[in-house]
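# Survey of secondary and tertiary structure
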Amino acid sequence: MDTENIRLRWEQEEAAVRQRIEAGGGRAGVSTPEQIAGKTGLEIMQAMLRGELPYPPISETLGFYLIEVGDGHAVFQGEPQFKHYNPLGTVHGGWYATLLDSALGCAVQTRLPAGTGYTTAELGLNIVRAASDRTGPLRAIGKVIHSGRQMATAEARIVGPDGKLYAHATTTCFIFDATARAGR
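This text gives an overview of the structure that appears in the document. Note that this is a predicted model, so its numbers are computed, not measured. Each chain has its residues counted from 1, following the order in which its sequence is written. For a predicted model such as this one, the threshold for reporting local features is a pLDDT of at least 70, and the threshold for listing and counting side-chain atom pairs is 80 or more; totals across whole chains, interfaces and linings nevertheless cover every residue. Side-chain figures throughout are based on the complete set of non-hydrogen atoms in the structure, without hydrogens or water.

With that settled, the discussion passes to the overall build of the chain. Labels follow the DSSP assignment, with helices taken as runs of H or I lasting at least four residues and strands as runs of E lasting at least two, numbered in each case from the N terminus. Looking only at helices and strands, one finds six helices and six strands in the chain. Moving toward the C terminus, one meets the helices and strands of the chain in the order α-α-α-α-β-β-α-β-β-β-β-α. Note on method: radius of gyration uses C-alpha positions; expected globular size equals 2.2 Å times residues raised to 0.38. The C-alpha atoms of the chain give 16 Å as radius of gyration, which agrees with the globular expectation for 184 residues (16 Å, within 12%). The principal-axis extent of the C-alpha atoms belonging to the chain is close to 50 × 35 × 35 Å. With 184 residues in all, the chain has 42% of them scored as buried. For this analysis, residues touch if any pair of their heavy atoms sits within 4.5 Å. The long-range fraction of contacts in the chain, counting pairs at least 24 apart against all pairs at least 6 apart in sequence, stands at 67%. Carbon together with sulfur atoms contributes 51% to the accessible area of the chain, which is approximately 9500 Å² in total. Only protein chains enter the calculation, and the probe is 1.4 Å; a residue is then buried if its accessible area is under 20% of its type maximum, exposed if over 50%, and partly exposed in between. The Shrake-Rupley method, run with a 1.4 Å probe sphere, supplies the accessible areas, and residue values consider only the shown protein chains as cover.

Shown next, in the form of structure tokens:
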């Protein structure tokens, strides 16, 4: 499939996901402990994609959205915009970092049992290609490398529809009992 067809497919997939989320009542926000009680990490992520749980407000701020989740993986898509530029006239490294951290963390979350949470302990990032507001859609594809009881690791890449690599990252996440933090 050529680059233009992939780009068109990506744009259609994003539009379909956003429409499904809105049809399910989805909005930006934070889930309450009651909304996620008894759900595995994968079930939480799937509920977000159906619009049953709020999606993170950072999605609107930085213009990227969850596109797909499965066991041990998560895909986000975003399109760099002028408002994401640094003073040098390129996309700020924080945009790449946040997009990658989202894919990494959500991939880890898909492996969590009910009642557990995670937090990023380490994020290593390499930007290998500049993006601009003319780049078009980019995808961050996160995959779990290891998922244990107390720690998980994952890797992610940001790629364009032409397959070019823009950035890659790894993370280490601590896993914890979320019920204790929720006051239960």
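What follows covers the packing of aromatic side chains. To pair, rings of Phe, Tyr and Trp, with the six-membered ring standing in for Trp, must have centres within 6.5 Å; the planes then decide the type, stacked if under 30 degrees apart, edge-to-face if over 60, and tilted in the middle. For the structure shown, the criterion picks out three aromatic pairs. Residues Phe 64 and Phe 76 carry aromatic rings whose centres are separated by 5.9 Å and whose planes lie at 80° to one another, so their mutual orientation is edge-to-face. Taken as a pair, Phe 64 in strand 1 (residues 64–70) and Phe 76 in strand 2 (residues 73–78) lie far apart in primary sequence, twelve residues in all. Of the two residues, Phe 64 and Phe 76, neither departs from the other in class, the shared state being buried. Both rings, one in Phe 82 and one in Tyr 85, keep their centres 5.1 Å apart while their planes meet at 50°; by these two values the pair is tilted. Comment: the charge-over-ring label is applied if NZ (Lys) or CZ (Arg) is within 6 Å of the ring centre and within 35 degrees of the ring normal. Cation over ring: Arg 18 sits above Tyr 65, and NZ or CZ is 4.0 Å from the ring centre. The lysine or arginine in question, Arg 129, covers the ring of Tyr 166, its NZ or CZ lying 5.7 Å from the ring centre.

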